[in-house]
Structure formats: C-alpha cells, structure tokens
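Architecture at a glance
Residue-level listing of the chains:
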Amino acid sequence: MDNATMRRGRWLWAAALAVYAFLYVPLAIVVAYSFNDSRLNAEWVGFTWHWYEVLLHDEAMLTAAGNSLLIALVSSLVSTALGTMAGIAMHRYKLKLLTFMVLTPVAMPEILLGVSLLLFFIQVLNLTLGMLSIVLAHITFSIGFVAVIVRARLAGMDESIFEAARDLGASPWETFRYITFPLILPGVVAGGLMAFTLSIDDFVITFFTAGVGVSTLPLHIYSMIKIAVTPEVNAVSTLLMLLTLTMIVLAAKFAPDVLKGKT
Amino acid sequence: MPGCSCVTEPARKLVTAARLTKWVVSGPPFLFLLLFFVIPGIIMVLASFRYPGEFGGLAPLTAADPATLQGVTLETYRFFFSDPIYGQVFVKSIFMALATTLICLTMAYPLALLIARSPKKSRDLMVLLVILPFASNFLIRVYAWMIVLGPQSALSRLVNGLLHGLGMEPVHLLFSPFAVLVAMVYVHLPFMVLPLYTNLEKHDPSLLDAAQDLGASAWQRFWRVTFPLSLPGIFSGSALVFIPVLGMFAVPDILGGTGDMLIGNLIKEQFLGTRDWPFGSTLSIMLTIAVLLIAWLAARLAGRRGSYG
C-alpha cells in the first residue's frame, strides 16, 4: 500500500467514525438521561431508577403498551400468513399486478396510506376507529415486508426440489406442507418478527387510523413529547430499544441472511 | 381420433390442482390489498372531487335542499392552484427532501466505501451497526434530537457561547428548520448507506488496479472508476431518502417551528385539524404525483446508468 492509499484509508475511517458517532450519541444520551436524577434533560445530576418507577405506575402508558402488544400480535400473525402467500405467489407465478399491490404500500410515504385508510374506514365502511381499524391498517403495510423476505428465501432455492416432489406424486398441499414450508420457515419467522416490530413501532399510520378512544405506545409517547417532556420518555425509550434489540437478535438467529438482505 | 382427450385423466387433475393452488395462494393477499390499499386509493381520488361536509367528511352527492353543497366539483384543484402558499409549501418540501438527500449521500458515501473495502468478516458487523439505531422507534430517534438541540443542552450552550464570543445574537437550535433537517438526515441515513454499500461491494477491485497501473491518481481512480460505477446505488438510495422525506409530517411537527410546515403537515391539518377532507385528498394526490415522478426518474436514471456497469 502506498502512502496516498494509507492516507485515504485514514480519511475514510475518520469520516466513518464521525457518522457512527452521529448515529449513536443522541440515543446514548437518551439512555443516560433515563437514569438521571433530574427533571430536566440538561445535565447529569446523579443515578436513579426513579423514572422507571414512574413508568411502572403510569396507567395510561401501560394501557397503551398493552394495546400495542395486542395489535402487534394479531396484525403480525395475519400479515405473516397473507405475506407468505403473497411471497410464494410473486415468486412462482410472477403476477405483475399482485407484485405492484404488495410493494407499493412499502415504497410510498406512510401518510398517504394513513389518510386514504382514514377516508375509507369512515366514509365507506362507516367503522368507528379503534383497535380493529389499527389492526387492519397494520396488516396492510406489513404484508409487503413479509412477502419480500419470503420471496428472497424462495429465490435462493433450487426449483428441482419442488419438481421432484411433484414427480413423486405429492399433491400441491403435500408439496407445500412437507417441502416448501419447512424450507421457507426461517424466512416466515423473520418476516413475522419484522411485522411485529413494524407494528409496535408504527406511528404515522396509527396516528390517522386510531381515532380518539385507543392509544398505542408510539401515540402515547408522541403526546408526551408534544405536551410535556419528562425523563419518563427516556425510560420508556430505553426499554423499547432493549425490546427491539432482542427482536433483532432473535431474527438474526432464525434467519441470519435476512439482516444482510434488508435493504 | 374421436374422443381423444390427449391429456390423461391424472394429468388433467394435476392441471386443475395447479390452477386451484394458484388461486388459493394468491387470492387472499390479493383480495386483502384490493380492499385496504387499492380501493382506499380510488376513494381518495374520488373524494378530491367532492365538497367538504359541514362537520368534516364529505358533503352528500345529492341533497334535497338545494342550499347545501352537493355533487362533484373541481373546486379543490382550483383552490390549490389559486393560492400560491400551497405551491410554496411543495417547493419548500422538495428543497428539504433535496437537502436531506444530499447530506445523507455525503455522509453515507465514505462509510459505505469503507465497509465495502473492509475484510469480509467485519462487513456484516459494520452494516449491523448502521441498521441498529434505525431499528429503535422512529419517535425516539426524533425525540433524541429534542434533547441534543434543547436550549439547555451542551451543544446549544457551546454554539451560543461561541456566538457570544463573536459578538453575535444567540440562536435557538430547537424548533427551527435546522432541527428538522438534522433529524430528517438522522432518520433516513441508513436508507442511503445500505444500497450504496450493496453497489460498492460488487465492484471488481482489479478495475482500480488497472487504473493505477495506467497512472491514474487516487483522485482520478475515485471520480473516473468508483463513482460512475456507483451511480445506480446513489440513485436508488436517493429515492429511498427523498420519497419518505417528501411526505414526512412528524419531524417538522415535533422539531420544527410554526413556519416549518411541509406537505405532510398540510395534509395532516386538512384531515385532522380543519377537517376539509376533499382538499386533504387533493393535496395527497399532488404528493402522490410528485412521488411517482421522482420514483420514475430514479428508476430511469438507475436503469440507464446500470447498463454501463
């Protein structure tokens, strides 16, 4: 390596480290201040668990967290089933229209899906906004993510396995049950975890489809940020980061290739 | 040969089964998305040609009382083009999206290049470190900047200390266009790093060796080999940043001042504030058109450049 290359290497490293710092310092401050014995997010005063205790006794926050979990559970189960079907259909039949319908909600600004569903629920279905409308909205935007992961899993497979199963007299259901499904299972699990995380995290679409009665964790955090910032927000943020981290570790365990392909 | 089926009975059964499977597999997701994605989109287009209802929602198509607003109209579109404020907000949003995209590109490029040229075993970890913060809740990532840029924060005190030293007026970092831009970059940066890295990783290092052997300087090797080859990655990363920024309402809502409204905030205001749903639909359609144009442009550019590589 000549001197110029080494100098450039050092430059790259410096730039990259600055970007990593940019990514991590703000979040590290949130975590640190969640243990800070002060009402203001300004200076380090001393260590405390106080904000976590406040959090544990915050009824509205716990209700919102419960709602978020329930919504994420139901919507991720349904969207995993529908997304898996969509992924298989996109891979096997190359249906252009279905592919368009699956991928567009993923690619467009979330607010568009949010307001069009709001219009549809109120104006057409005459539905009272609440848990059901949120779940339906979450399924709609999660299907695409599951489908993409499942399709990627199928694309890496040797088609001749399925042909062999058919030649040996397996019915389509048997081929699916004993060949396809076990092979794509890691992708399905990873897709399900992804859908769960997306649902727990979603703010924009939930904001438009929740109505007034039901709150979710992100909606509750939003109102706390907008009205009065207390370090309790830091505490709940830290716990949420821990949860997402766990989900990522689980996803990496079930389907290590998914994290890499996540673009 | 009369009566020849030419296809044996079991084979026909197989064909029927295959066709049935196709419907069973693609039917449910198709119907679900038809109902909750395609139809709501059509409803929104139709709603943009209606009058607003008295208490939100839409005015009736037909009403017995001729004094009530009813029927279909181009009023919302006329209104959109008659008041320059809406065009201005669109232009401002496009500039915000452009600035965010350029800053993301400047920050992401060196990082993506470094990851792509690192030893294979450290690459996955370096990519994971980019994705990790992006996996924490979106609101938390925006909220973090409320602390970092807050009036009492170390950064604010440092900046205002410097400004004071230079004899200038103190500034508010929070609730400003600057805060909006910083958080927009923060929230979207991984969308730029990942496609860039995916592209850069595929480059054949022997091209750079060849360029060097032919006497190209490091600077020339970058601008005449690496950069042109990475254009497809740049275009797809830019689309992934530009499009969500264009429709963003939460970041200006949380970190911006009263004058920092973007298209997303206008749309939100029409649907949840003033409750003029037809006009909100019109704004959403304008946003959709802008997004489609950008996506089409990015796909075209990426496709054309990609064919060189």
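Attention in this report is confined to the structure presented alongside it. (Residues numbered from 1 in each chain as written. Chains lettered and ligands numbered in written order. Predicted model: local features only at pLDDT ≥ 70, side-chain atom pairs only at ≥ 80, totals over all residues.)

A tally of helices and strands in chain B yields 13 helices and zero strands. In terms of overall size, chain B is more extended than a compact globule, its C-alpha atoms giving a radius of gyration of 27 Å where 309 residues would be expected to give roughly 19 Å. Structurally, chain B occupies a C-alpha span of about 85 × 75 × 35 Å along its principal axes. Residues classed as buried in chain B amount to 40% of the 309 residues present. Taking as baseline every contact in chain B between residues at least 6 positions apart, the subset at least 24 positions apart corresponds to 69%. (Helix = DSSP H or I, 4+ residues; strand = E, 2+ residues; numbered from the N terminus. Rg over C-alpha atoms; globule rule 2.2 N^0.38 Å. Buried ≥ 20, exposed ≤ 12 C-beta atoms within 10 Å, placed from the backbone. Contact = placed C-beta atoms within 7 Å.)

To continue, consider the interface of chain B and chain A. Contacts between the two partners involve 70 residues from chain B and, on the opposite side, 68 residues from chain A. Sort the elements by how many residues they give to the side of chain B that touches chain A and helix 1 (residues 9-47) of chain B lands first, with 20 residues. Tallied by class, the residues present in the side of chain B that touches chain A amount to 52 nonpolar, 16 polar and two charged. (Nonpolar A, V, L, I, M, F, W, Y, C, P; charged D, E, K, R; others polar.)

Let us look at the nonpolar core. In this structure, B:Trp145 and B:Ala183 are the most contacted members of the largest nonpolar core, which totals 148 residues. Counting residues per element, this core draws most heavily on helix 7 (residues 177-201) of chain B, at 15 residues. Excluding its chain neighbours within four sequence positions, the residues that come into contact with B:Trp145 are A:Pro26, B:Ala179, B:Val182, B:Ala183, B:Tyr186 and B:Leu255. (Core = buried A, V, L, I, M, F, W, Y, C linked by C-beta atoms within 7 Å.)

Residues and elements named next belong to chain A. A rise of 1.5 Å per residue sets the reference length of helix 6 (residues 131-155), with its 25 residues, at 36 Å; its end C-alpha atoms lie 36 Å apart and thus fit the reference within 8%. Its maximal kink placed at Ser142, helix 6 deviates by approximately 35 degrees. Most of helix 6 sits inside the fold, with 21 of its 25 residues counted as buried. (Expected span 1.5 Å × (residues − 1). Bend = angle between axes of the 7 residues up to and from the residue.)

Keep in mind these values describe shape, not function.
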